[in-house]
Amino acid sequence: DAGVIQSPRHEVTEMGQEVTLRCKPISGHNSLFWYRQTMMRGLELLIYFNNNVPIDDSGMPEDRFSAKMPNASFSTLKIQPSEPRDSAVYFCASSFTGDPTDTQYFGPGTRLTVL
Amino acid sequence: AQSVAQPEDQVNVAEGNPLTVKCTYSVSGNPYLFWYVQYPNRGLQFLLKYITGDNLVKGSYGFEAEFNKSQTSFHLKKPSALVSDSALYFCAVRGGGGFKTIFGAGTRLFVKA
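This write-up is about the structure you can find in this document. (Residues numbered from 1 in each chain as written. Chains lettered and ligands numbered in written order. Predicted model: local features only at pLDDT ≥ 70, side-chain atom pairs only at ≥ 80, totals over all residues. Heavy atoms only, no water.)

## So, the overall build of chain B
Consideration 1: Counting its secondary structure elements, chain B contains 0 helices and 12 strands.
Consideration 2: In chain B, the succession of α and β elements from N to C terminus is β-β-β-β-β-β-β-β-β-β-β-β.
Consideration 3: Whereas a compact globule of 113 residues would reach a radius of gyration of roughly 13 Å, chain B reaches 13 Å, a difference of no more than 12%.
Consideration 4: Along the first, second and third principal axes, the C-alpha atoms of chain B reach 40 × 30 × 20 Å.
Consideration 5: Across the 113 residues of chain B, 45% fall into the buried class. (Helix = DSSP H or I, 4+ residues; strand = E, 2+ residues; numbered from the N terminus. Rg over C-alpha atoms; globule rule 2.2 N^0.38 Å. Buried < 20%, exposed > 50% of the residue type's maximum accessible area, 1.4 Å probe, protein only.)

So, in structure tokens, the structure goes:
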């Protein structure tokens, strides 16, 4: 099993540019989560999809952030326009179902630096 | 509101000695508790979880954790630490039948040879 795949692994961009992060969940998993990790705030849930439908996006910081899941094997997190305070490591995770007892499996993360 | 506390930013232990990484939680309803480990420049790796049943849960790489309902704790343990166990450890909780996972701030474990 390839695990959760994220791309790119590293992204450096300038303030104001659009950034798109990509995630391929584990095959057969129907729940997908986007997290952001920073030193100041730790690990925060941004958005949760179940069966490709966004269930809870209350963690999305502001309208500059958007996420989509067009099919069961692909999701994107877009930041437009990007700002230096968006610099963080962004993780995608997936689980077999949305059941609270399920284990979430994390991808390797995308380290975003906004200059 | 759900919360998780990892009271130690860092734990230092000598190789071969037992290790404990502490975690306490607060949730409504039944807690579902998880431990993850993060190595540098890597994602979080699942170690173990408590859902129900036996209070002592065994997981990957020789780790175990003990669920204590009265003390609302879920401490991670290993009988004999290895240098390769040095990493960042996260405790996480879900409660109230919800999907939202709350992560602790993390505890950095240093195992000295």
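## Description of the interface of chain B and chain A
Consideration 1: Between chain B and chain A, the residue contacts involve 19 residues of the former and 22 residues of the latter.
Consideration 2: Between chain B and chain A, a total of about 1700 Å² is buried, with carbon and sulfur atoms accounting for 57% of that surface.
Consideration 3: Ranking the residues of chain B by area buried against chain A places Leu44(B), Phe99(B) and Phe103(B) at the top, with a combined share of 34%.
Consideration 4: Counting across the chain B and chain A interface gives 0 salt bridges.
Consideration 5: Taken together, chain B and chain A are joined by 7 residue pairs in polar contact (both at pLDDT 80 or more).
Consideration 6: Within the residue set of the side of chain B that touches chain A, elements represented by two or more residues are β5 (32–38), β6 (44–50) and β10 (87–94) of chain B.
Consideration 7: The element contributing the most residues to the side of chain B that touches chain A is β5(B), with 4 residues.
Consideration 8: Counted by class, the side of chain B that touches chain A contains 9 nonpolar, 6 polar and 4 charged residues. (Contact = heavy atoms within 4.5 Å. Buried area = accessible area lost by both parts, 1.4 Å probe. Salt bridge = Lys/Arg side-chain N within 4 Å of Asp/Glu carboxyl O. Polar contact = N/O pair within 3.5 Å; in protein donor to acceptor, adjacent residues only side chain to side chain. Nonpolar A, V, L, I, M, F, W, Y, C, P; charged D, E, K, R; others polar.)

## Details of the layout of surface pockets
Consideration 1: Roughly 690 Å³ of internal volume is contained in the largest pocket.
Consideration 2: Considering the residues around the largest pocket, the lining is formed by 31 residues, among which Gln37(A), Met39(A), Gln38(B), Leu88(B) and Arg108(B) are closest to the centre.
Consideration 3: Looking at the lining of the largest pocket, the elements with two or more residues in it are β4 (31–38), β9 (88–95) and β11 (110–114) of chain A together with β10 of chain B.
Consideration 4: Considering only residue class, the lining of the largest pocket consists of 13 nonpolar, 12 polar and 6 charged. (1 Å grid on protein atoms, 1.4 Å probe; cavity = no way out; pocket = protein on both sides within 12 Å on 5 of 7 lines; lining within 4 Å. Points joined across faces, edges and corners; volume = space filled by probe spheres on them.)

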